[in-house]
Amino acid sequence: RPGRALEIGMTKLRVMAEGKSDPWINSLPDPFEVFEWHGEVFELPAGAVPLASSEVCPLQAFRFGSKAYGLLFHLEIERTGIEALSRECPEDLRRAKKEAAALIQQAEPHLPRMQTWADRLIAHLTASSTPGR
């Protein structure tokens, strides 16, 4: 559903109390910054564990079971992705009062770190499960 504001660009997230015991999200700093491009929010699915939040959006990430994650942010983003979003979604930029060049300049130093976090998440998702985990 629509959220109260657009979140476009680098956004500071906080690990929620329940996230402190999550093997992936707890490996990130608290707070941590990620790239976002959305105006929507969602409700926590029944049985899911909330993991991270921002000032604008109280639910940015959740885990369902041990290996299913829902993320409202983009760890996978590269400069070309930000350029494409900026080119294809100019109305979002206008509504958020953002400039494409400034978004890219702000995000670029964070891209390698976010890709490392994405690699950690993929490693967690593809690791063999052990009993009791």
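Cut-offs used in this document
Residues numbered from 1 in each chain as written. Predicted model: local features only at pLDDT ≥ 70, side-chain atom pairs only at ≥ 80, totals over all residues. Heavy atoms only, no water. Core = buried A, V, L, I, M, F, W, Y, C linked by side-chain atoms within 4.5 Å. Buried < 20%, exposed > 50% of the residue type's maximum accessible area, 1.4 Å probe, protein only. Helix = DSSP H or I, 4+ residues; strand = E, 2+ residues; numbered from the N terminus. Contact = heavy atoms within 4.5 Å. Pairing = 2+ DSSP bridges. Salt bridge = Lys/Arg side-chain N within 4 Å of Asp/Glu carboxyl O. Expected span 1.5 Å × (residues − 1). Arc of directions from axis to C-beta.

1. Observations regarding the nonpolar core
Membership of the largest hydrophobic core comes to 29 residues, with the highest contact counts inside it found for Phe32 and Met114. At the level of elements, strand 1 (2-15), strand 2 (32-40), strand 3 (49-53), helix 2 (90-96), helix 3 (100-107) and helix 4 (111-126) are the ones that each hand at least two residues to this core. With 5 residues, the single largest contributor to this core is helix 4. Residues in contact with Met114, not counting those within four places in the same chain, are Met10, Glu33, Val34, Phe35, His74, Leu75 and Ile77.

2. What to know about the pairing of strand 5 (residues 68-71)
Strand residues, when the strand is regular, have side chains that alternate between the two faces of the sheet. Pairing of strand 4 (residues 61-64) with strand 5 involves 4 bridges; the strand directions are antiparallel. Looking at strand 5, one finds that Arg63 is bridged to Tyr69. The turn joining strand 4 and strand 5, which pair antiparallel and follow one another in sequence, is formed by 3 residues; a positive phi near 70° is taken by Gly65.

3. Quick word on the pattern of salt bridges
Any two side chains of opposite charge can pair if their charged atoms end up close together. The final tally for this structure, using the stated rule, is 9 salt bridges. Of the charged contacts, one joins Arg1 and Glu43 as a salt bridge, the two residues approaching to 2.4 Å between their closest N and O atoms. Of this pair, Arg1 sits in the segment before strand 1 while Glu43 sits in the loop between strand 2 and strand 3, placing them 42 residues apart in sequence. In this structure Glu43 comes out as exposed when scored by relative accessible area, which is 53%. Two residues, Arg63 and Asp22, come together in a salt bridge whose shortest N-O distance is 2.6 Å. Of the two residues, Arg63 is situated in strand 4 and Asp22 in the loop between strand 1 and strand 2; the sequence distance between them amounts to 41 residues. A cluster of three or more residues bridged by salt bridges with shared partners is formed by Arg14, Lys20 and Asp30.

4. Some details on helix 4
The end-to-end C-alpha distance of helix 4 is 22 Å, a good match for the 22 Å that 16 residues give at a rise of 1.5 Å each. When we look at burial in helix 4, the residues that qualify are Leu111, Met114, Trp117, Ala118, Leu121 and His124. End-on view of helix 4: buried residues confined to an arc of 140°, all on one side of the axis. Exposed and oriented more than 90 degrees from the buried face of helix 4 are Pro112, Asp119 and Thr126. Looking at the buried side of helix 4, the elements it contacts are strand 1, strand 2, strand 5, helix 1 (79-88) and helix 3.

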